[in-house]
Amino acid sequence: MNTGLLRRSATGRTLLLGAVLTLAVPGTAYANTVSVTVKTPGATSGPATANAEISTHADCSGGLISGGGINQAIGTGAGVNGNHVNGTSPSSDGTTEYTGSTGVVGTDVTHWLGIGGTGGQVNASFSTTPYAMCFTSN
């Protein structure tokens, strides 16, 4: 018997079996979709006094934090170089830095902190705006 014919016949049976299993076992293959949304509460004024700090946070109402950041407004005129970033980090409660175990992904981290500070100079235009990147999945 011709070996090429045997190989084609075996290949045809394999393809037919795969098609039958695909039709007979529905719902075994699926794909999740993931989306990222950037959330911010807007700017929080301050700090308003010298050598002070202000903390604010952005929240993910549904889903988990995948990252975040902070923006500082400094204004114009005297004292504009006094506003600076003191810190930015994930938070599980919106007030304290997340300090989970090293290498462990937290499942309850839904806030991103933005902490701004001043040195010896203050400007009325100082503000701190935190941003959170929120993952959601179906």
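Procedures and definitions
- Numbering of residues starts from 1 in every chain and runs along the sequence as written.
- Only residues with pLDDT of at least 70 get local features here, since the model is predicted, and only at 80 or more are side-chain atom pairs given and counted; chain-wide, interface and lining totals rely on the full set of residues.
- With hydrogens and water excluded, all non-hydrogen atoms of the structure serve as input to the side-chain values.
- Pairing between strands requires that DSSP locate at least two bridges from one strand to the other.
- Helix numbers and strand numbers start at the N terminus; a helix is a DSSP run of H or I with at least 4 residues, a strand a run of E with at least 2.
- Angles shown run from 0 to 180 degrees and are taken between the N-to-C directions of axes, each axis being a line fitted to C-alpha atoms and, for helices, limited to the stretch in contact.
- Here, nonpolar core refers to any group of buried Ala, Val, Leu, Ile, Met, Phe, Trp, Tyr and Cys residues whose side-chain atoms link them within 4.5 Å.
- For every residue, the accessible area obtained with a 1.4 Å probe (protein chains only) is divided by the maximum for its type, and the residue is called buried under 20%, exposed over 50%, and partly exposed between those limits.
- Here, two residues are considered to be in contact whenever any of their heavy atoms come within 4.5 Å of each other.
- As used in this structure description, the phrase polar contact means that two N or O atoms lie within 3.5 Å; if the pair is within protein, one of them must be able to donate a hydrogen and the other to accept it, and residues adjacent in sequence are counted only when both atoms belong to side chains.

Turning to the pairing of strand β7 (residues 127–137), a few remarks are in order. As paired strands, strand β1 (residues 34–39) and β7 are joined by six bridges and run antiparallel to one another. Opposite valine 34, over in β7, you have serine 137 as the bridge partner. Alignment of strand β2 (residues 44–45) against β7, held across two bridges, turns out to be antiparallel. Bridge pairing links serine 45 to serine 127 in β7. Where strand β4 (residues 64–73) and β7 come together, nine bridges link them in antiparallel fashion. Opposite glutamine 72, over in β7, you have threonine 128 as the bridge partner.

Our focus in this paragraph is the sheet that holds strand β3 (residues 53–59). Across the sheet, which stays open at both edges, the three strands sit in the order β3-β6-β5 with antiparallel pairing between neighbours. One side of each edge strand has no neighbouring strand; the edge strands of this open sheet are β3 and β5 (83–91). Within this sheet the neighbouring strands show an average axis-to-axis angle of 20°, counted without direction. Across eight bridges, the pairing between β5 and strand β6 (residues 111–118) is antiparallel. The residue bridging serine 91 from the neighbouring strand is histidine 111, located in β6.

Before going further, it helps to examine unusual backbone geometry. Here the bond from glycine 46 into proline 47 is cis, since omega is 5°, no more than 30 degrees from zero. Summarising the element assignment, proline 47 is placed in the loop between β2 and β3. Its identity is not glycine, yet asparagine 51 carries a phi of approximately 55°, on the positive side. Along the polypeptide, asparagine 51 turns up in the loop between β2 and β3.

Time to look at the nonpolar core. Listed in full, the seven residues of the largest apolar core are Ala58, Cys60, Ile65, Val109, Trp112, Ala132 and Cys134. Leaving out residues up to four positions away in the same chain, isoleucine 65 has contacts with Cys60, Val109, Thr110, His111, Trp112, Ala132 and Met133.

As for its placement among the helices and strands, serine 89 is situated in strand β5. A relative accessible area of 10% places serine 89 in the buried class. Among all residues touching serine 89, those that are not within four sequence positions of it are Glu97, His111, Trp112 and Leu113.

Take the side chain of histidine 111 next. With respect to the helices and strands, the residue histidine 111 is situated in strand β6. Of note is the side chain of histidine 111, whose polar atom sits 3.4 Å from the side chain of threonine 110. Apart from the residues lying within four places of it in its own chain, the contact partners of histidine 111 are His57, Ala58, Asp59, Ile65, Ser89, Pro90, Ser91, Ser92, Asp93 and Gly94.

Keep in mind these numbers describe shape, not what the thing actually does.
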